[in-house]
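Each chain is listed here by its residues.
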Amino acid sequence: MDPVTVGVIGAGVIGAGVAQALAEAGHRVIVVDLSSSILDGCRATIAQAVRLQRLFRKSTQPGDAGLLTRIVFTSDREQVGEAPFVIENVTEKWEIKRGLYRDLDRICSPETIFAANTSAIPITRIAGATNRPGRVIGVHFMNPVPLKPVVEVIRGHHTSDDTLARTAALLQTMGKDYVVVRDSPGFVSNRVLMLTINEAICLLHENVSSAADVDRIFTSCFGHKMGPLATADLIGLDTILYSIEVLYDSFKDSKYRPCPLLSQMVDAGLLGCKSGQGFFSYQKAG
Ligand SMILES: NC(=O)c1ccc[n+]([C@@H]2O[C@H](COP(=O)([O-])OP(=O)(O)OC[C@H]3O[C@@H](n4cnc5c(N)ncnc54)[C@H](O)[C@@H]3O)[C@@H](O)[C@H]2O)c1
């Protein structure tokens, strides 16, 4: 597949990674978010990630100086009108996504594929907000996107074979393998992960253990690369809360009820890596 133009809507934690990985693959990227300050932050995040990757790989190459020139940053979503793919990464709130998809449906060619990078919202529900349900698919990237080799792809009720094939071809250009699952709230990954993270937060809330020790059980005893609380900080505690709220609303099952400590931390602005403080402390980027 030749390089194409891809619209990336939402320039937060995961949108920045998606834009970087697409540009690294040679695609032209149009990143859309609500304000120039958010877009400036996204540009700085990508520039920093590229610098760190170069250092980490101890590359003697000058690096891909053209990468940032392949990315356009704009708050004008009309600019994605000609893109054959749009990857959506906006806040995990149905009211926000629904309005956006209605608008994208008007802006984009009927051929354009909408790839939803949602954590938990069913793809069939998203497709229902458009007049192109066959061209809507779930593409759940993992964080940090440029370093994660596999993507969870979700087939909505109407997702066509052609949409799946074209999405697979795009992922291949990015060096990504993928696992296809059927549509269900949280899919496979987050149906399991969000419960695990929520339960880990409950353990902290009940004073059973410290954050460091909860995570150590997973890293030292189970050999996981990261514990659930550091993973939550990496994803963003607001995104964790909104995702588990989607599961709770969808299944009406109390096992998905968000831990009060999680809600309180989000209210307090303790969002994890992106705010500098979550269950652990971080140097704030930028
Ligand atoms: N953080 C992760 O590790 C991760 C992984 C996979 C998928 N996701 C999903 O990706 C989406 C974004 O998550 P995130 O962690 O990047 O959140 P985030 O809060 O870091 O970023 C969301 C961005 O969306 C922007 N936004 C909101 N409404 C918009 C609109 N109408 N138009 C354009 N931009 C808009 C916000 O300004 C913000 O910059 C969510 O659906 C989330 O569930 C997140």
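It should be noted that the structure appears before, not after, this text.
The structure reproduced in this document is the subject of the present report. (Residues numbered from 1 in each chain as written. Predicted model: local features only at pLDDT ≥ 70, side-chain atom pairs only at ≥ 80, totals over all residues. Heavy atoms only, no water.)

Re unusual backbone geometry
Here is step 1: Following Asn143, the chain continues into Pro144 via a peptide bond in cis, with omega recorded as 0°.
Here is step 2: Its location among the elements puts Pro144 in the loop between strand E6 (136–140) and strand E7 (150–155).
Here is step 3: You will see that Phe187, though not glycine, has its phi angle at about 60°, which is positive.
Here is step 4: Looking at where Phe187 falls in the secondary structure, it is placed in the loop between strand E8 (177–182) and helix H6 (189–205).
Here is step 5: For Phe187, a relative accessible area of 3% translates into the label buried. (Helix = DSSP H or I, 4+ residues; strand = E, 2+ residues; numbered from the N terminus. Buried < 20%, exposed > 50% of the residue type's maximum accessible area, 1.4 Å probe, protein only.)

Here's the deal with the site of the ligand
Here is step 1: As a structural note, the neighbourhood of the ligand is formed by 25 residues, with Asp33, Glu92, Lys97, Ser119 and Ile235 the closest of them.
Here is step 2: Between the ligand and the protein, one listed contact pairs an oxygen atom with a side-chain N or O atom of Asp33 at 2.7 Å.
Here is step 3: Asn143 has a polar side-chain atom sitting 3.4 Å from an oxygen atom of the ligand.
Here is step 4: Elements that contribute at least two residues to the shell around the ligand include exactly helix H1 (13–24) and helix H3 (94–107).
Here is step 5: Broken down by class, the residue content of the shell around the ligand amounts to ten nonpolar, ten polar and five charged. (Near = heavy atom within 4 Å. Polar contact = N/O pair within 3.5 Å; in protein donor to acceptor, adjacent residues only side chain to side chain. Nonpolar A, V, L, I, M, F, W, Y, C, P; charged D, E, K, R; others polar.)

Some thoughts on H3
Here is step 1: With 14 residues, H3 extends 20 Å between its outermost C-alpha atoms, agreeing within 8% with the 20 Å of an ideal straight helix rising 1.5 Å per residue.
Here is step 2: Within the span of H3, buried status applies to Trp94, Lys97, Leu100, Tyr101, Leu104, Asp105 and Ile107. Viewed end-on, H3 has its buried residues packed into an arc of 155°, placing them on one side of the element. Facing away from the buried surface of H3 by more than 90 degrees, the exposed residues are Glu95, Arg102 and Arg106.
Here is step 3: Those residues of H3 that are buried are in contact with strand E1 (5–9), strand E4 (85–88), strand E5 (113–116) and helix H4 (123–127). (Expected span 1.5 Å × (residues − 1). Arc of directions from axis to C-beta. Contact = heavy atoms within 4.5 Å.)

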